[in-house]
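# Inside the fold
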Amino acid sequence: MDDLKDFLDKKGYTRIKLKFTKTNHFEIKATINGIKGTFILDTGASNSCVGFEAIEQFKLNVEDSDIKAVGAGASDMLTMISEENELKIGRWKKSKVPFILFNLIHVNNGLIEHQAEPVDGIIGADILKKSKAIIDYEKKYLYLKL
């Protein structure tokens, strides 16, 4: 019987290694607009996000947003939006990807307090759904449909 990798290869998926952090999160490397970054993979986040401080880093064109962000430990956070971005995770690539921008200080402070590295953003359920993502929790891989 084929293992999961072989099975999903035949179905047109690509495999990306996940890093399990000290805070029990999966961390993933990705590029936005050709710039590499580090992100938390968060199936509970409805939208993918980056911090305000990453606007220049990822060459984001931003607009004000009326949306208020809510997350673990914070609510009613001001946001901005950046649309028309290119996102690449492993061999998977998508254009016209929107990102919500908000202050990630509370997220990164929590990571640092637990001796984990800060992140540039969060890859959320919007991307996972678009890419028909499958997570192999045991072997620590993310599979995305090409």
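These remarks concern the structure in this document.

## Quick word on the environment of Leu8
With respect to the element layout, Leu8 can be found in helix 1 (residues 4–10). Accessibility expressed as a relative area gives 3% for Leu8, which makes it buried. As a C-alpha pair, Leu8 and Leu41 span 33 residues in sequence and 20 Å in three-dimensional space. Among residues more than four places away in sequence, those in contact with Leu8 are Tyr13, Ile134 and Tyr143.

## Some details on the nonpolar core
Note that soluble globular proteins tend to have their nonpolar side chains buried in a common cluster. In terms of nonpolar packing, the biggest core is built from 25 residues, with Val50, Leu87, Ile89 and Leu142 touching the most fellow members. Those residues in contact with Leu87 that lie beyond four places of it in its chain are Ala30, Thr31, Ile32, Trp92, Lys93, Lys94, Val97, Phe99, Ile123 and Ile127. Counting 13 residues, the second largest nonpolar core, distinct from the first, contains Cys49, Leu104, Val107 and Leu111.

## Remarks on the pattern of salt bridges
Inspection of every chain in the model, using the stated rule, returns two salt bridges. Between Lys5 and Asp9 there is a salt bridge, and its shortest N-O distance comes to 2.8 Å. Highlighted residues: Lys5 and Asp9, both in helix 1, separated by four residues, approximately one helical turn. With relative accessibility at 28%, the residue Lys5 sits in the partly exposed group. Here Lys19 makes a salt bridge to Glu27, at a shortest N to O gap of 3.8 Å.

## Structural notes on a negative patch on the surface
Taken together, the side chains of Glu63, Asp64, Asp66, Glu83 and Glu84 make up a negatively charged region of the molecular surface. Looking at where Asp66 falls in the secondary structure, it is placed in the loop between strand 6 (63–64) and strand 7 (69–71). Assessed through its relative accessible area of 79%, Asp66 is described here as exposed.

Definitions and limits used
- Residues numbered from 1 in each chain as written.
- Predicted model: local features only at pLDDT ≥ 70, side-chain atom pairs only at ≥ 80, totals over all residues.
- Heavy atoms only, no water.
- Helix = DSSP H or I, 4+ residues; strand = E, 2+ residues; numbered from the N terminus.
- Buried < 20%, exposed > 50% of the residue type's maximum accessible area, 1.4 Å probe, protein only.
- Contact = heavy atoms within 4.5 Å.
- Core = buried A, V, L, I, M, F, W, Y, C linked by side-chain atoms within 4.5 Å.
- Salt bridge = Lys/Arg side-chain N within 4 Å of Asp/Glu carboxyl O.
- Patch = residues over 30% accessible without salt bridge, like charges linked within 9 Å, V, L, I, M, F, W, Y side chains within 5 Å.
- Areas by Shrake-Rupley, 256 points an atom, 1.4 Å probe, with all protein chains shown as cover.
- Lys, Arg positive; Asp, Glu negative; His and termini not counted.
- Charge placed at Lys NZ, Arg CZ, Asp CG, Glu CD.

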